[in-house]
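# Residue-level structural notes
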Number of protein chains: 4
Amino acid sequence: MTDQTAFIPRKSPAQRRSRETVETILEAAARVLEAAGPAGFNTNAVAARAGVSVGSLYQYFPSKNALVAELSRRGAEAMLAALEAAMAEDGARTLEQDLRRIVRAAIGWQTARPQLERALDQMEERVGFDSAAHGVGLRVQTLIARLLAAHLPGAAPDQLNEAAADSLSLARTLIDRAVERGPIEARALEDRLVGMLIGYLGALPRP
Amino acid sequence: MTDQTAFIPRKSPAQRRSRETVETILEAAARVLEAAGPAGFNTNAVAARAGVSVGSLYQYFPSKNALVAELSRRGAEAMLAALEAAMAEDGARTLEQDLRRIVRAAIGWQTARPQLERALDQMEERVGFDSAAHGVGLRVQTLIARLLAAHLPGAAPDQLNEAAADSLSLARTLIDRAVERGPIEARALEDRLVGMLIGYLGALPRP
Amino acid sequence: MTDQTAFIPRKSPAQRRSRETVETILEAAARVLEAAGPAGFNTNAVAARAGVSVGSLYQYFPSKNALVAELSRRGAEAMLAALEAAMAEDGARTLEQDLRRIVRAAIGWQTARPQLERALDQMEERVGFDSAAHGVGLRVQTLIARLLAAHLPGAAPDQLNEAAADSLSLARTLIDRAVERGPIEARALEDRLVGMLIGYLGALPRP
Amino acid sequence: MTDQTAFIPRKSPAQRRSRETVETILEAAARVLEAAGPAGFNTNAVAARAGVSVGSLYQYFPSKNALVAELSRRGAEAMLAALEAAMAEDGARTLEQDLRRIVRAAIGWQTARPQLERALDQMEERVGFDSAAHGVGLRVQTLIARLLAAHLPGAAPDQLNEAAADSLSLARTLIDRAVERGPIEARALEDRLVGMLIGYLGALPRP
DNA sequence: GATGAATGAGGGTTCATTCAT
DNA sequence: TATGAATGAACCCTCATTCAT
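Residues numbered from 1 in each chain as written. Chains lettered and ligands numbered in written order. Predicted model: local features only at pLDDT ≥ 70, side-chain atom pairs only at ≥ 80, totals over all residues. Heavy atoms only, no water.

The next subject is the overall build of chain A. Summing up its helical and strand segments, chain A has 9 helices and 0 strands in all. Reading chain A from its N terminus to its C terminus gives the helix and strand order α-α-α-α-α-α-α-α-α. Restricting the contact set of chain A to residue pairs at least 6 apart, pairs at least 24 apart contribute 67%. Carbon together with sulfur atoms contributes 52% to the accessible area of chain A, which is approximately 10400 Å² in total. (Helix = DSSP H or I, 4+ residues; strand = E, 2+ residues; numbered from the N terminus. Contact = heavy atoms within 4.5 Å. Areas by Shrake-Rupley, 256 points an atom, 1.4 Å probe, with all protein chains shown as cover.)

Further remarks concern the protein's contact with DNA strand E. Around DNA strand E, the structure places 32 residues, and the nearest of them are Tyr 58 and Lys 64 of chain B, Thr 43 of chain C together with Thr 21 and Tyr 60 of chain D. Sugar plus phosphate, as a fraction of atoms of DNA strand E within 4 Å of the protein: 64%. Backbone polar atom of Thr 43 of chain B to a phosphate oxygen of DNA strand E: 2.9 Å apart, as the coordinates give it. In terms of residue count, helix H3 (residues 54-60) of chain A provides more of the surface near DNA strand E than any other element does, 5 residues in total. (Near = heavy atom within 4 Å. Polar contact = N/O pair within 3.5 Å; in protein donor to acceptor, adjacent residues only side chain to side chain.)

Residue and element names in this part refer to chain A. Look at helix H5 (residues 95-112) against helix H9 (residues 186-202): their axes get within 9 Å of each other, and the N-to-C directions meet at 125 degrees. Compared by their axis directions, H5 and H9 come out oblique. Judged by the sense of rotation from one axis to the other, the crossing of H5 with H9 is right-handed. Residues Leu 95, Glu 96, Leu 99, Arg 100, Val 103, Arg 104 and Ile 107 of H5 form the contact with H9, whose participating residues are Ala 186, Arg 187, Leu 189, Glu 190, Asp 191, Leu 193, Val 194, Leu 197, Ile 198 and Leu 201. (Axes fitted to C-alpha atoms, helices over the stretch in contact; angles between N-to-C directions. Parallel < 35°, antiparallel > 145°, perpendicular 65-115°, else oblique. Left-handed = near helix turned anticlockwise from the far one by under 90°.)

This next bit is on the protein's contact with DNA strand F. Taken together, the neighbourhood of DNA strand F is formed by 31 residues, with Thr 43 and Lys 64 of chain A, Thr 21 and Tyr 60 of chain B together with Tyr 58 of chain D sitting nearest. Within 4 Å of the protein, the contacting atoms of DNA strand F are drawn from sugar and phosphate to the extent of 63%. Between Gln 59 of chain B and DNA strand F, the recorded distance is 2.9 Å, taken from a side-chain N or O atom to a base nitrogen. In terms of residues, the surface near DNA strand F owes the most to one element, helix H3 (residues 54-60) of chain C, which gives 5 residues. Among the residues making up the surface near DNA strand F, the classes are represented as 9 nonpolar, 19 polar and 3 charged. (Nonpolar A, V, L, I, M, F, W, Y, C, P; charged D, E, K, R; others polar.)

What follows deals with the interface of chain A and chain B. Contacts between the two partners involve 20 residues from chain A, matched on the other side by 20 residues from chain B. Summing the contributions of chain A and of chain B, the shared interface buries around 2200 Å²; its carbon and sulfur component is 58%. Summed over the shared surface of chain A and chain B, the number is 5 salt bridges. The partner of Arg 181 of chain A in a salt bridge is Glu 162 of chain B, and the shortest N-O contact between them spans 3.5 Å. Linking chain A with chain B are 6 residue pairs in polar contact (both at pLDDT 80 or more), by the criterion used here. (Buried area = accessible area lost by both parts, 1.4 Å probe. Salt bridge = Lys/Arg side-chain N within 4 Å of Asp/Glu carboxyl O.)

In this section: helix H8 (residues 157-181) of chain C. For H8 of chain C, built from 25 residues, the straight-helix expectation of 36 Å at 1.5 Å per residue is met to within 8% by its first-to-last C-alpha distance of 36 Å. One or two steps after H8 of chain C, the chain reaches Gly 182 of chain C, where phi turns positive at roughly 135 degrees. (Expected span 1.5 Å × (residues − 1).)

On to the pattern of salt bridges. What the rule picks out here adds up to 69 salt bridges over all chains. Close ionic contact of Glu 190 of chain C with Arg 100 of chain C constitutes a salt bridge, the shortest N to O distance being 2.6 Å. Of the two residues, Glu 190 of chain C sits in helix H9 (residues 186-202) while Arg 100 of chain C sits in helix H5 (residues 95-112), which places them 90 residues apart along the sequence. For the residue pair Glu 190 of chain C and Arg 100 of chain C, the accessibility class agrees, reading buried in each case. Members of the salt-bridge network, linked through shared partners, are Glu 96, Arg 100, Arg 104, Arg 187, Glu 190 and Asp 191 of chain A. (Buried < 20%, exposed > 50% of the residue type's maximum accessible area, 1.4 Å probe, protein only.)

Once that is clear, we can look at the relation of the copies chain C and chain D. Laying chain C over chain D is done by rotating through 179 degrees and shifting 0.0 Å along the axis; what remains is an RMSD of 0.3 Å. Here the symmetry operator amounts to a two-fold rotation axis. In this assembly, 100% of the residues forming the interface of chain C have copies in chain D that are likewise at the interface, indicating an isologous arrangement. (Least-squares fit on C-alpha atoms with pLDDT ≥ 70 in both.)

To continue, consider helix H7 (residues 135-149) of chain B. Residue and element names in this part refer to chain B. Given a rise of 1.5 Å per residue, 15 residues ought to cover 21 Å, and the 21 Å separating the end C-alpha atoms of H7 matches this to within 8%. Taken together, the buried positions of H7 are occupied by Val 136, Gly 137, Val 140, Gln 141, Leu 143, Ile 144, Ala 145, Leu 147 and Leu 148. In this structure, the buried side of H7 is in contact with helix H4 (64-88), helix H5 (95-112), helix H8 (157-181) and helix H9 (186-202).

Let us now look at the interface of chain C and chain D. On the side of chain D, 20 residues touch chain C, which itself brings 20 residues to the contact. Counting the contacts that link chain C with chain D gives 7 residue pairs in polar contact (both at pLDDT 80 or more). Only helix H6 (114-127), H8 and H9 of chain C provide two or more residues apiece to the side of chain C that touches chain D. Residue contributions to the side of chain C that touches chain D peak at 8 residues, all from H8 of chain C. Class assignment for the residues of the side of chain C that touches chain D results in 6 nonpolar, 5 polar and 9 charged.

Owing to a relative accessible area of 6%, Glu 190 of chain B belongs among the buried residues under this scheme. If we skip the residues at most four places from it in the chain, Glu 190 of chain B touches Arg 100, Val 103, Arg 104 and Ile 107 of chain B.

Residues and elements named next belong to chain A. Looking at the element boundaries, Leu 197 is found in helix H9. Residue Leu 197 is classed as buried on the basis of its relative accessible area, which comes to 2%. A C-alpha to C-alpha distance of 9.4 Å links Leu 197 and Asp 166, two positions 31 residues apart in sequence. Filtering out sequence-adjacent residues up to four positions away, Leu 197 remains in contact with Leu 99, Val 103 and Ser 167.

By the secondary structure assignment, Ala 203 of chain C is in the segment after H9. Excluding residues within four positions of it along the chain, Ala 203 of chain C makes contact with Asp 191, Arg 192 and Gly 195 of chain D.

What follows is about the environment of Leu 83 of chain A. Residue and element names in this part refer to chain A. Mapping Leu 83 onto the fold places it in helix H4 (residues 64-88). Placed 23 residues apart in sequence, Leu 83 and Ala 106 show a C-alpha to C-alpha distance of 8.2 Å. Leave out the neighbours within four places in its chain, and Leu 83 touches Arg 101, Ile 102, Ala 105, Val 140, Leu 143 and Ile 144.

Attention shifts here to the packing of H5 of chain A against helix H8 (residues 157-181) of chain A. Residues and elements named next belong to chain A. Contact pair H5 / H8: the axes reach a minimum separation of 10 Å and the direction vectors enclose 45 degrees. On the basis of the axis angle, H5 is oblique to H8. Classified by chirality, the crossing of H8 by H5 is right-handed. For the pair formed by H5 and H8, the contact residues are Ala 106, Ile 107, Trp 109, Gln 110 and Thr 111 on the first element and Arg 172, Ile 175, Asp 176 and Val 179 on the second. Considering only residue class, the contact of H5 with H8 consists of 5 nonpolar, 2 polar and 2 charged.

Moving on: the confidence of the model for chain A. On average, chain A scores 86 in pLDDT, and the residues at 70 or more come to 86%. Confidence drops under pLDDT 50 across residues 1-9 of chain A; counting only partners more than four residues distant or on other chains, this segment forms 0 contacts. (pLDDT = per-residue confidence, 0-100.)

Okay, structure coming up:
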């Protein structure tokens, strides 16, 4: 897979500076969210942490929610990338192998910055947009649905999408709980997740 | 078991009035939470909805959080009752039968007022007290742990408690998602939950 | 001086009960004030501490301020009694001897319940009535003024009253500060007070 | 002494605006305190009087108490300046001359805005921080203590500090009372204060 | 574009006082 | 008379968002 950014025309200095500011703000937002949780997450704190004025923050993000959304979108993008990478490896065969890939991607993603993802989970629910709201979350879901399709022959597209969404939610729940309890034993967690998902999928109504 | 309340002396008028007010406030709180979600849940709204002054609210609940906690406690109590009833039925044998009982209790509980329980989930996370904070949540967990113990011989108490907590979380997640999607098909949901839990528990490390 | 209460007709039981309730409330108020200071002094706390309903409290005291006023009045009454006793001893001669009597009475009064008197000082100032508001404070002041008159021949009545009021204020200030610092060395404090007052009075304009 | 402000670089517009707002708020706070006393002193009133929003007030003062503290700090600073100026005049010799200087500084300070200083006294007591809480009050006290040291040879540092604190309290009390009574006759008041302090200091235990 | 001062609605909580029982 | 539930005005403080410079 070629690096698409290589073909994007060089930004003008102003544009590059903009881009850097956006990144700075997002990273600051992430850190504030990690450190203070949803309750302590406010635009002033983010701007201060980013070393930028609130005004600038609002230049790039129309609202606080937009900031959260972008944070969450990026997380999903990382998940998407991991998932695509995992699926590109070779032809996967068994359900378990496929699930293992999904699960690994999810664990990798959520444990990279566990506090952040947990906090985002909570904020997303609060604000009322689930991760499928932005395209990326939807693409993740679709990818999983496609993956599941191979092992659930005859399932309707809606069913597959629901199964994919549920699987992801379940995985996130379990990972969140594990993260809460302390350092992760990735392998054991992976096994539990795979087992759980196999059980879940096995109980879906067959057409 | 005779009805003990029959022997409790009639409350004095004043006390009865208090009790009624408390109930009114709690019901109002539940409705506000259902209608407006965690974001729109504020003490003024609750008091207004209850047709009561804020002062009265604070006479019975020392803080907004205490109100949420009580709401959640009551929910957990309902769950506990359902669970105890289910377990008292007769001698349960298989893991699946036991899980089915747990799952039924959970579904019954969470679908009685689905919006409310969902909102409570979110508030609990936000405020940082999980349902185990009050005794009831803990008792639910303990009960489930005990139930699982019979089917996971040799598991350490800590493991059992974690398994119980995870099971409950997973169940709630799935039920929440189902509720979001619309009216529930209780039987199909139940099957999926049981399957999922069997899968999860089967993947736990054996001693 | 005859005991006037001896001639007050025996109270009916109801009246006695009333009187007791009043005393209970006042003592509770004093204790709350001592324990929580002006900031924590509120009618509900007083009623609770007295084991009485707020309603009852308002039966006997028309307002919170009335309660404080009565507390302060009683303190002043104690001071008055001490002062009268001191003056009745015999014919006082020198200024210093007279001042010593005043000062002793003041110390005795304010150190009997130091926290209480300090808190009252603060509340009185806040509420805006000085202790001369009720008759007793005035009588204390008048008594002191009369005492000073003997040593400030030719001073106008107004001057005497001002001197008396100032003397009392100064004494209270110094005693308060001493109380703040910890246990009192009554004798040393007394000396300082007397010295201070002599200095003060000596500097008054002579007619 | 040249005017140092002449050399301070012009503030940027934004900073100047801030500074002005701060001053506006402080002046409004002073006026509210003078007009309404401690009881009527609330942040909304201050903001309204300053023609500013509450938000602005809280941008510059983290709490209501911080506002009071700053007001009191500024008063103490004025007192400190007056005191230092008075002491720098020349080599003071007698106790009386030194006291006269202290007393003049105190009178000048407290009669500049008498209502304000009175109200501050009360609030400080209520809130529980005496003026020594901020450095300035302490420096005033230290300065007085040093001044007294020359006339109380052999006194321990603690004794000197107590004497300084007491002297200041006594002075403030007497000035407050004088202010209450109406327009001040500065010279007569000064004499009374000096006399009182000499009396007080003369009665301190000699080592 | 950038800044950060300013805004003000909103929300949690307290407490003196009233009044139906 | 006693009770204590109920009231609601007041108050402190926060924070998303705007806008003059």
